[in-house]
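Residue-level structural notes
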Amino acid sequence: MSETQAKPPLTLLLASPRGFCAGVDRAIQIVELAIEKYGPPVYVRHEIVHNRYVVEELERKGAIFVEELDEVPAGAKVIFSAHGVPKSVPEEAQSRELFFLDATCPLVSKVHVEAERLHERGLEILLIGHAGHPEVIGTMGQLPDGAVSLIETVADAEALQPRDPEKIAFVTQTTLSVDDTAEIVAVLRRRFPSIAGPHKEDICYATTNRQEAVKSIAPKVDAMLVIGAPNSSNSMRLVEVAERAGCAYAALVQRASDIDWAALGTPKTLGLTAGASAPEILVEEVIDAFRQHFSVTVEMTSVRRESVQFKLPRALAV
């Protein structure tokens, strides 16, 4: 665009809350403080959070990311990711005498404890979630093989044939779509009126708040961008929520370089948010990219203030 051409105007509605939640913040701090306290390298089993930028920044500081514990050398320090791990993982770490820190989000740990308590009551456990997601693998791995059945869709809930319809309970992955989950739970409650559920909603406050912010913006904008990773469940759900709330164009981008300018066209209004594992620096990067193409006016759209903080592990408490 030449200097003489005026940039088209764009009103950018910036969602709040967006980006890092307390669990992600805590997990990243655990890695940074462990490197500071014990010196590099510190090993991390699985991506600490689902964001490439965050992972690369931590690698630069001295973190080494591995998929399994057998990649961690004897005597090394290892951290478990925010998504949680099956019980077999800390057991293996103990048997190998590895020093480990658990960065599992406390809200994921709450689901683990719930599943165990319901199982102890002799109930068959249903986990509403996405197959293969690390959080689902971790939650299912709290109980013996076969004790947990995964429910991914309304169709799964309709087809379920439990061992005893009077003795079942459900828990959920923390990063699901609030609306999708409510539909699945409604089917389970209709089919099995005595089903036990969590005392308090399993879908975490941050997931719920970010979805609410998107719902408030999506009907007012021509397009919506969500900054996050394709393997980030909560980020992918934000794109779906925007589409369902009436936004004609909603897309996930990891960085500003991922923006498809041709598909975006020349919107007059744009919604922008970030998943719970995306840092604010990437939001600023995307806004700067839009300033190159448009005359941008940024308006904050806030649905709720967040003040949640989680304690660090005792070994790292300052």
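Residues numbered from 1 in each chain as written. Predicted model: local features only at pLDDT ≥ 70, side-chain atom pairs only at ≥ 80, totals over all residues. Heavy atoms only, no water.

Glancing now at the packing of helix 8 (residues 205–217) against helix 9 (residues 233–244). One can describe the packing of helix 8 onto helix 9 by two numbers: an axis separation of 9 Å at closest approach and a directional angle of 30 degrees. The pairing of helix 8 with helix 9 is recorded here as roughly parallel in orientation. Note that helix 8 runs across helix 9; the crossing there is right-handed. The residues of helix 9 that touch helix 8, namely those facing Thr 207, Arg 210, Gln 211, Val 214 and Lys 215, are Asn 234, Arg 237, Leu 238, Val 241 and Ala 242. Residue composition of the contact of helix 8 with helix 9, by class: four nonpolar, three polar and three charged. (Axes fitted to C-alpha atoms, helices over the stretch in contact; angles between N-to-C directions. Helix = DSSP H or I, 4+ residues; strand = E, 2+ residues; numbered from the N terminus. Parallel < 35°, antiparallel > 145°, perpendicular 65-115°, else oblique. Left-handed = near helix turned anticlockwise from the far one by under 90°. Contact = heavy atoms within 4.5 Å. Nonpolar A, V, L, I, M, F, W, Y, C, P; charged D, E, K, R; others polar.)

Enumeration according to the criterion identifies one cavity of 30 Å³ or more in this entry. Size it by volume and the largest cavity reaches roughly 280 Å³. Together, 25 residues line the largest cavity, and Cys 21, Val 24, His 83, Thr 175 and Asn 234 are the ones closest to its centre. Among the elements of the structure, helix 1 (22–38), helix 4 (106–120), helix 8 and helix 9 are those that each provide at least two residues to the lining of the largest cavity. A breakdown of the residues in the lining of the largest cavity according to their chemical character gives 13 nonpolar, eleven polar and one charged. (1 Å grid on protein atoms, 1.4 Å probe; cavity = no way out; pocket = protein on both sides within 12 Å on 5 of 7 lines; lining within 4 Å. Points joined across faces, edges and corners; volume = space filled by probe spheres on them.)

Before going further, it helps to examine the sheet that holds strand 2 (residues 42–45). Spatial ordering of the open sheet is given by 3-2-4-5, a layout of four strands whose pairing is parallel. Only two strands of the sheet have a single partner each, and these edge strands are strand 3 (63–66) and strand 5 (99–102). On average, each strand axis in the sheet is inclined to that of its neighbour by 30 degrees, with strand direction left out of account. Two strands pair when backbone bridges link them, and strand 4 (residues 77–80) and strand 5 are joined in this way by four bridges, in the parallel orientation. Looking at strand 5, one finds that Lys 77 is bridged to Phe 99. (Pairing = 2+ DSSP bridges.)

Turning to the pairing of strand 8 (residues 168–172), a few remarks are in order. In terms of burial, strand 8 is a largely internal element, five of the five residues being buried. Residues Ile 168, Phe 170 and Thr 172 point to one face of strand 8 and Ala 169 and Val 171 to the other, with burial holding for every one of them. (Buried < 20%, exposed > 50% of the residue type's maximum accessible area, 1.4 Å probe, protein only.)

Turning next to the state of the cysteines. Using the criterion set out here, one finds zero disulfides in the structure. No disulfide involves Cys 21; its sulfur sits 5.8 Å from that of Cys 204, the nearest cysteine. Judged by its relative accessible area of 13%, Cys 21 is buried. (Disulfide = S-S within 2.5 Å.)

The parallel open sheet is built from five strands, whose spatial order is 10-9-11-1-12. Either end of the sheet is taken by a strand with one partner, and the two such strands are strand 10 (250–253) and strand 12 (295–302). The mean angle between the axes of side-by-side strands here comes to 25 degrees, regardless of whether they run parallel or antiparallel. Bridge count for strand 1 (residues 9–16) against strand 11 (residues 269–274) is four bridges, and the pairing is parallel. Each residue of the ladder has a partner; that of Leu 14, found in strand 11, is Leu 272. Its contacts with the sheet place helix 11 (residues 280–293) against strand 1, strand 9 (223–227), strand 11 and strand 12, and it is angled at close to 160 degrees to strand 11.

Moving on, we come to helix 7 (residues 178–191). Compared with the 20 Å implied by 1.5 Å per residue over 14 residues, the 20 Å span of helix 7 between its first and last C-alpha is a close match. Along helix 7, the positions that sit buried rather than exposed are Thr 181, Ile 184, Val 185, Val 187 and Leu 188. Looking straight down helix 7, one finds its buried side chains confined to an arc of 155 degrees; they lie on one side. Where helix 7 is buried, its residues contact strand 6 (124–128), strand 7 (148–151), helix 6 (154–159) and strand 8. (Expected span 1.5 Å × (residues − 1). Arc of directions from axis to C-beta.)

Before going further, it helps to spend a moment on the pairing of strand 1. Summarising burial for strand 1: six of the eight residues are buried, a large majority. One ladder, built from eight bridges, connects strand 1 with strand 12; its direction is parallel. Paired with Ala 15 across the two strands is Thr 301, which belongs to strand 12.

Without other data, these values stay purely geometric and don't point to any function.
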